[in-house]
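Survey of secondary and tertiary structure
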Amino acid sequence: MKLIIAVIQPEELPEIKEELLKRKIYKFTISNVLGQGMEFPIHEVYRGISHEIKLLKKVRIEIAVNNEYTEQAVEAITKVAKKDEDKGRGKIFIIPIEECIRIRTGETGPDAIG
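Residues numbered from 1 in each chain as written. Predicted model: local features only at pLDDT ≥ 70, side-chain atom pairs only at ≥ 80, totals over all residues. Heavy atoms only, no water.

Let us look at the sheet that holds strand E2 (residues 29-35). Ordered in space as E2-E5-E1-E6, the 4 strands form an open sheet in which the pairing is antiparallel. On the outer flanks of this sheet lie E2 and strand E6 (90-96), each paired with one strand and no other. Along the sheet, successive strands turn relative to each other by an average axial angle of 20°, direction set aside. Judged from the 7 bridges that link them, strand E1 (residues 2-8) and E6 form a sheet pairing that is antiparallel. In the strand pairing of E6, Ala 6 is matched with Ile 92. The sheet contacts of helix H1 (residues 13-22) involve E1, E2 and strand E5 (56-65), and relative to E5 the element is tilted by about 10°. Here helix H2 (residues 70-81) sits on the sheet and contacts E1, E5 and E6; the angle it forms with E1, its principal contact strand, is near 5°. (Pairing = 2+ DSSP bridges. Helix = DSSP H or I, 4+ residues; strand = E, 2+ residues; numbered from the N terminus. Axes fitted to C-alpha atoms, helices over the stretch in contact; angles between N-to-C directions. Contact = heavy atoms within 4.5 Å.)

In structure tokens form, the structure reads like this:
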């Protein structure tokens, strides 16, 4: 069992979600987050006052999968997010899951992930 955490650009979310669903990966969690990679800070003027925005809007996708779906989930994300000429496409982290318990039924392990 693996937990896949991907931090991506917000505009890529609809296409990534579509790719995951095509590969029969239906269960995931999405959060709006702030972060900074190698991007330069953005300067904005609001009501005549200059502000430097260092933390940019990102989307965090968390997907718990059984081992056989790990590669499919990563391919779905990279297929959409990977653009050779563009920097700052995001990151994918793959973490082993020690245990998973479905609260409603008490199922554990790979059966609980689904």
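That shown, we press on.
So, on to the side chain of Glu 12. Secondary-structure assignment places Glu 12 in the loop between E1 and H1. Leaving out residues up to four positions away in the same chain, Glu 12 has contacts with Val 80, Ala 81, Lys 83 and Arg 89.

In this structure, Ile 8, Ile 16, Leu 20, Ile 61, Ile 63 and Ile 77 are the most contacted members of the largest nonpolar core, which totals 15 residues. The set of elements that each furnish at least two residues to this core consists of E1, H1, E5 and H2. If near-sequence neighbours (up to four positions away) are discounted, Ile 63 is found in contact with Lys 2, Leu 3, Ile 4, Leu 20, Ile 25, Lys 27, Phe 28, Ala 73 and Ile 77. (Core = buried A, V, L, I, M, F, W, Y, C linked by side-chain atoms within 4.5 Å. Buried < 20%, exposed > 50% of the residue type's maximum accessible area, 1.4 Å probe, protein only.)

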